[in-house]
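Notes for the structure review
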Amino acid sequence: QVQLVESGGGLVQPEGSLRLSCAASGSIFSIGDMGWQRQAPGKSREWVGDISSGGQTKYADSVKGRFTISRDSAKKTVSLQMNSLKPEDTAVYYCYAQIRTHPRDSENYFWGQGTQVTVSP
């Protein structure tokens, strides 16, 4: 019932910028933390950053100062603004969210389908 739909992936040159967006829909009572993870070919999944329901953000050291996460809780969206991109940022990016589907249920994690970001000349 809950679905996260991503958009914005693609090919970009080093030092370029790209903005990813993710919208949640379906049976949603409330949303807690929202964030992003990524996975490069042959590497394990890496946490990128997240944003709390109150707007507090945290980032991995590898992207701190270059990436910015924002959210629009009313629209149930989270975005990842990526600046000064490097080849090592190449990965499949996944959005996620802690979602409570009913008032008396606990929050569970849901993930998007993933979108490819390639940083290359």
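Residues numbered from 1 in each chain as written. Predicted model: local features only at pLDDT ≥ 70, side-chain atom pairs only at ≥ 80, totals over all residues. Heavy atoms only, no water.

**Observations regarding the pairing of strand 5 (residues 46–51)**
To keep things clear, this is the line we draw: Pairing between strands is defined by DSSP: at least two bridges between the two strands are required. Elements are defined by DSSP. Helices are runs of H or I of four residues or more, strands are runs of E of two residues or more, and each kind is numbered from the N terminus.
The pairing of strand 4 (residues 30–39) with strand 5 spans five bridges and is classified as antiparallel. Looking across to strand 5, one finds that Met-34 is bridged to Ile-51. Connecting the antiparallel pair strand 4 and strand 5 is a turn made up of six residues, with Gly-42 showing a positive phi of about 75 degrees. Note that strand 5 and strand 6 (residues 57–59) share three bridges and pair antiparallel.

**Some thoughts on the side chain of Gln-81**
Here is the rule we go by: Here a polar contact means two N or O atoms within 3.5 Å. Within protein one must be a hydrogen donor candidate and the other an acceptor candidate, and residues neighboring in sequence count only if both atoms are side-chain atoms. Contacts are assigned to residue pairs with any non-hydrogen atoms lying within 4.5 Å of each other.
Looking at the element boundaries, Gln-81 is found in strand 8 (residues 77–82). A distance of 3.0 Å separates the side chain of Gln-81 from the side chain of Asn-83, its partner in a polar contact. Other than its neighbours up to four places away in sequence, Gln-81 contacts Ser-17, Leu-18, Arg-19, Arg-66, Phe-67 and Thr-68.

**Quick word on the pairing of strand 11 (residues 115–119)**
Put simply, the rule reads: Relative accessibility thresholds used throughout: buried, under 20% of the residue-type maximum; exposed, over 50%; partly exposed, between the two (1.4 Å probe, protein chains only).
Burial along strand 11 is one-sided: Thr-115, Val-117 and Val-119 are buried, while Gln-116 and Thr-118, pointing the other way, are not. Looking at chain direction, strand 2 (residues 10–12) and strand 11 are connected through three bridges and run parallel. Considered in strand 11, the bridge of Gly-10 is made with Val-117. Direction of pairing for strand 9 (residues 91–100) relative to strand 11: antiparallel, over a ladder of three bridges. Among the inter-strand pairings, Ala-91 is bridged to a residue of strand 11, identified as Val-117.

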